[in-house]
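Below are the chains, spelled out letter by letter.
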Amino acid sequence: MSVVTVQPTGVSPADVLAVARGTAKVVLDPATVDAMSTSRAIVDGIEASGRPVYGVSTGFGALANTFVAPERRAELQHALIRSHAAGVGAPMPREVVRAMMLLRVRSLALGRSGVRPLVAEALVDLLNHDVTPWVPEHGSLGASGDLAPLAHCALVLLGEGWVLGPDGARLPAADALRRAGLAPVALAAKEGLALINGTDGMLGMLLLAVHDAAHLFTMADVTAALAIEAMLGSERPFLSELHTIRPHPGQATSAANIHRLLQDSPVMDSHRDDLAHAVQDAYSMRCAPQVAGAARDTLAFVEQVAARELVSVVDNPVVLPDGRVESTGNFHGAPLGFAADFLAIAASEVGAIAERRVDRLLDVTRSRELPAFLSPDAGVNSGLMIAQYTAAGIVAENRRLAAPASVDSLPTSGMQEDHVSMGWAATKKLRTVLDNLTSLLAVELLAGVRGLQLRAPLTPSPAGRAAIAALGGIAGEPGPDVFLAPVMEAAREIVRGPELRTAIERELGRLG
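It should be emphasised that the depicted structure is a prediction, and the values quoted were computed from it without experimental measurement.

Enquirer: Mind showing me how you'd approach helix H14 (residues 334-362) here?
Expert: With 29 residues, H14 should reach 42 Å at 1.5 Å per residue; the first-to-last C-alpha distance of 42 Å fits that figure. Within H14, 23 of the 29 residues are buried, which leaves it mostly tucked inside the rest of the structure.

Given below as structure tokens:
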């Protein structure tokens, strides 16, 4: 079990993944405890002075001008959590909630929120005891950050609300805390607000998506190369000198990957000097690095945005070291919403061009002598005909999901929050686009493997052999039709997992 130490400067993307998807234990660096104690002392001083400060001695949102008496300020914080835990819908995945919780610990640990260390420690205890709040999918507008989702997390600290059971069932939080040996927390002034103001949910989803997209974009180069090899395409469009004259870094990386994946292939050798083949391949083959490369460059931009947000103070109000408590708009999710929408567009196109290559592989008039629908006995058998239908339907869905969420805004809170980011919706649908991309690449993997099998006795490239070895045991040899859904599910797991990529890199070296 690894350990993630939350520093006063925050955490890394790898830390978030280790906690969200792994079993890493979370600890607070002593310096974070000092930073939070110093910040809390400032809030205590404000309380003693009687000055009106938003969220400390006033109501929230449109009630910001309503003064709250000192004896009711703890009640105010608890009421805030209960009223804001107003989400509906299916529960968010465990990994998203755990990422969100760690990022909220990170936010508190920066020492600008005015909370006692015990509040951050209580969140750490939930993570370390694998107590995962039940967070409904609907409720956040991305300003003031992810209020409703974070409130559902905070409610569990109070011994209220729901948690995710081992089987995904909804269980009472009080029972889960008791089983874990944890006690509910009584909040003090400012602490309820500090638990729910910020971009932690959308940032958590964006960080998970960035990690997944990086892997999938490399796997897109792999499946593209398999399809090009199976269709007897040319490797010449991927020569490095053709990409230095258009110096987009992602394009150069994808081209280098595809070119390397097509080397040492008797299939490619069989037609290299054959004038019967087209002088130019179709765009879906020849322009693969231009599309996948642009997606890589989009991903690089999104990584920059996420990295900046990881070191940002996104609470409101913030407690400054000189003793001032100032209202900010740092909780607004526009940077993350824009980035997520941009990446969803890019990922959607990576899947769309993959489906076009699948369609060519299945079309007897364009596949360069492969049998119709990659069935050696087409007619009685339909081969991969309906697998391409599935891919086409997924492409259509991704096009709908690529419509940006961040251009939408509905005013709330009596027009106090009159422009919201929809960043939660943008990052949530990005994860759906990437899951759909996994399916599209799985169909291309299956079609590429079938095409290469049908080129026998010619031997494919090392990448082709690795793909056939990975999928062939499940898909079998080309022949009579089989129940295809389990094969496609297995192909999804191969695309999603590291094994095929590891096998290829063992032969070719690390792919970009």
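Enquirer: In this structure, what is going on with the packing of aromatic side chains? I would like to understand it.
Expert: What describes a pair of aromatic rings is the distance from one ring centre to the other and the angle between the planes of the rings. Under the counting rule described, the total for this entry stands at one aromatic pair. Relative to Phe342, the ring of Phe301 has its centre 6.1 Å away and its plane inclined at 55°; by these criteria the two rings are tilted. Of this pair, Phe301 sits in helix H13 (residues 288-310) while Phe342 sits in helix H14; the two residues are 41 residues apart in sequence, bridging distant segments of the chain. We classify Phe301 as partly exposed; its relative accessible area is 35%. On the accessibility criterion, Phe342 (40% relative accessible area) is partly exposed. Stacked on the ring of Trp134, the Lys or Arg Arg170 has its end atom at 5.2 Å from the ring centre. A cation sits over an aromatic face here: Arg170 above Trp162, 3.6 Å from the ring centre.

Enquirer: What am I meant to see in the nonpolar core here?
Expert: A general feature of soluble globular proteins is that nonpolar side chains tend to end up buried together. If you look at the biggest cluster of nonpolar residues, it comprises 144 residues, and the most contacted ones within it are Leu108, Leu195, Ile196, Phe217, Leu361, Leu445 and Ile504. When residues in this core are grouped by element, the largest group, 20 residues, is from helix H9 (residues 200-230). Apart from residues no more than four positions distant in its own chain, Phe217 is found in contact with Ala295, Arg296, Leu299, Leu343, Ala347, Val350 and Leu437.

Enquirer: Looking at this structure, how should I read the pattern of salt bridges?
Expert: Pairing is possible between side chains of opposite charge, provided their charged atoms come close. Tallied over the entire structure, the rule returns 30 salt bridges. In this structure, the salt-bridge partner of Asp44 is Arg40, at a minimum N-O distance of 3.1 Å. Of this pair, Asp44 and Arg40 both sit in helix H2 (residues 30-49), four residues apart, roughly one helical turn. You can call Asp44 partly exposed: its relative accessible area is 39%.

Enquirer: Explanation requested: the packing of helix H3 (residues 73-84) against helix H6 (residues 147-157) in the structure shown.
Expert: The relative placement of two packed helices is expressed as an angle between their axes plus a distance between the axes. Look at H3 against H6: their axes get within 8 Å of each other, and the N-to-C directions meet at 120°. The angle between H3 and H6 places the two elements in the oblique class. The two elements H3 and H6 cross, and the hand of that crossing is left-handed. Facing Ile81, Arg82 and His84 of H3, the residues of H6 in contact are Leu147, Ala148, Ala151, Ala154 and Leu155. Broken down by class, the residue content of the contact of H3 with H6 amounts to six nonpolar, one polar and one charged.

Enquirer: Help me understand the side chain of Asn381 in this model?
Expert: Note that Asn381 resides in the loop between H14 and helix H15 (385-401). We classify Asn381 as buried; its relative accessible area is 10%. Only 2.9 Å separates the side chain of Asn381 from the backbone nitrogen of Asp481, close enough to count as a polar contact. The residues touching Asn381, leaving out its near neighbours within four places in the chain, are Ser375, Pro480 and Asp481.

Rules of the game
- Residues numbered from 1 in each chain as written.
- Predicted model: local features only at pLDDT ≥ 70, side-chain atom pairs only at ≥ 80, totals over all residues.
- Heavy atoms only, no water.
- Helix = DSSP H or I, 4+ residues; strand = E, 2+ residues; numbered from the N terminus.
- Expected span 1.5 Å × (residues − 1).
- Buried < 20%, exposed > 50% of the residue type's maximum accessible area, 1.4 Å probe, protein only.
- Phe/Tyr/Trp six-rings, centres within 6.5 Å; stacked < 30°, edge-to-face > 60°.
- Lys NZ or Arg CZ within 6 Å of the ring centre and 35° of its normal.
- Core = buried A, V, L, I, M, F, W, Y, C linked by side-chain atoms within 4.5 Å.
- Contact = heavy atoms within 4.5 Å.
- Salt bridge = Lys/Arg side-chain N within 4 Å of Asp/Glu carboxyl O.
- Axes fitted to C-alpha atoms, helices over the stretch in contact; angles between N-to-C directions.
- Parallel < 35°, antiparallel > 145°, perpendicular 65-115°, else oblique.
- Left-handed = near helix turned anticlockwise from the far one by under 90°.
- Nonpolar A, V, L, I, M, F, W, Y, C, P; charged D, E, K, R; others polar.
- Polar contact = N/O pair within 3.5 Å; in protein donor to acceptor, adjacent residues only side chain to side chain.

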